[in-house]
Amino acid sequence: MKDLIIAANWKMNKTVTESISFVTELDIRLKQWELNPKLDKIEVLIFPPFLSIYPVKGKSELISIGSQNIYFEESGAFTGEISTEMVREYTEYALIGHSERREIFGETDSDINKKIRAALSSNLTPLLCVGETLEEREAGNTFKKIEDQLKEDLNGFSEDEIEKIVFAYEPVWAIGTGRTASPEQAQEVHSFITEEINKISGKEKKRMILYGGSVKPENCKELLAKKDINGALIGGASLKVESFFAIIEKSLELV
Ligand code: PGA
C-alpha cells in the first residue's frame, strides 16, 4: 500500500467525453513528475461514473480507477445494478457505504457488509466510508455512531480481510458544505477509528484511513499532515483538473 491515497469521487458528474479529457490532462501533468520517486508513494485514484470507467481505464498508467458502487449479488434480476465481476476487469477499488448511498438510497449496514464481502471475493479493494451527521455530532454521539457503523459493516471479517480494506472518515456535515472538519477534529476521529478497527480485528496496527468532506487545495496539507490521516476522498474539488492536481501537488510535499 502507498503512503497516501488521493481519491476523486466524481459522483453523478461528467460525461464520457469530459471524463476522458480530464484523465488525459491529469496524466500530462502527472507525467512531469514521473521521474520523481515521491510519486511512487502516492496513489492517485478516480471514481468516475460507471459509463466512464471503461473509456478512462488505460488512459493513464499513473491513475487507478474505482467503482462508485457495486451490488452484492453476482448476477441476475437486479435492474440497474452492477456486479463486482463486471467492474473488476477495469477497476481496483469499490467505494462502499458513502453517506449519499446510505441516506439517499437507503443502504443499510447489512447491505454494506455484504458489499464488502462481494468486493473482497472479487479482489477489489473496498473503500469503506463512515461518518456522523451534524445532529449526531451536536448530540455528542460521533464516536457511538462510528463504532456502530464499523461493528456492523465489519461483522464477520477476519483480520486478513480487514487488512485489505481502506477506510474513509467522512463527516456528513462536511460533505459538499464547504465546512471542513478541523485537522484536530479529523485526527481525533481517525485515531478512534484505528482503535475500533483494531478492537474488531484483534490486531494492533496502523490502518489506511482517508479524510473526506470539503477537502480543497487550501486545507489539504494541514489535514494530511495529521498522524492518522492517510489520504483524502475529494468530491467538489476533484471535478477540475486544476484543483485536484493542486491537492496532489501539495500532498507530494508530505511524503
Ligand atoms: P466534497 O465530497 O469534497 O464535495 O465534500 C466528498 C465526498 O462526498 O466524498
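Residues numbered from 1 in each chain as written. Predicted model: local features only at pLDDT ≥ 70, side-chain atom pairs only at ≥ 80, totals over all residues. Heavy atoms only, no water.

### Comments concerning the layout of surface pockets
Quantified by volume, the largest pocket comes out at close to 420 Å³. Along the walls of the largest pocket sit 18 residues, with Lys11, Met12, Gln68, Arg101 and Phe105 positioned nearest its centre. Of the residues assigned to the lining of the largest pocket, the class counts are nine nonpolar, five polar and four charged. (1 Å grid on protein atoms, 1.4 Å probe; cavity = no way out; pocket = protein on both sides within 12 Å on 5 of 7 lines; lining within 4 Å. Points joined across faces, edges and corners; volume = space filled by probe spheres on them. Nonpolar A, V, L, I, M, F, W, Y, C, P; charged D, E, K, R; others polar.)

### Some thoughts on the pattern of salt bridges
Evaluated as defined, the whole model comprises 21 salt bridges. Arg29 is the salt-bridge partner of Glu242, the closest N and O atoms lying 3.4 Å from each other. Linking Glu242 in helix H11 (residues 241-252) with Arg29 in helix H1 (residues 16-31), this pair joins segments that are 213 residues apart in sequence. Accessibility expressed as a relative area gives 55% for Glu242, which makes it exposed. (Salt bridge = Lys/Arg side-chain N within 4 Å of Asp/Glu carboxyl O. Helix = DSSP H or I, 4+ residues; strand = E, 2+ residues; numbered from the N terminus. Buried < 20%, exposed > 50% of the residue type's maximum accessible area, 1.4 Å probe, protein only.)

### Describing the pairing of strand S7 (residues 209-212)
Along S7, one buried face is formed by Ile209 and Tyr211 and the opposite face, lined by Leu210 and Gly212, is buried too. With three bridges connecting them, strand S6 (residues 166-169) and S7 associate as parallel partners. From the neighbouring strand, Tyr169 faces S7, where its bridge partner is Tyr211. Each parallel crossover has a hand, and for S6 linked through helix H9 (residues 183-201) to S7 it is right-handed. In this structure, S7 lies alongside strand S8 (residues 231-234), joined through two bridges in parallel fashion. (Pairing = 2+ DSSP bridges. Right-handed = clockwise from strand over helix to strand, strands pointing away.)

### Some details on the state of the cysteines
Such a bond, covalent and formed between the sulfur atoms of two cysteines, is termed a disulfide. For the structure shown, the criterion picks out zero disulfides. Of all cysteine sulfurs in the structure, the one in Cys220 sits closest to Cys129, which takes part in no disulfide; the separation is 19 Å. Under the relative-accessibility criterion, Cys129 is labelled buried at 2%. Cys220 sits in the buried class, given a relative accessible area of 1%. (Disulfide = S-S within 2.5 Å.)

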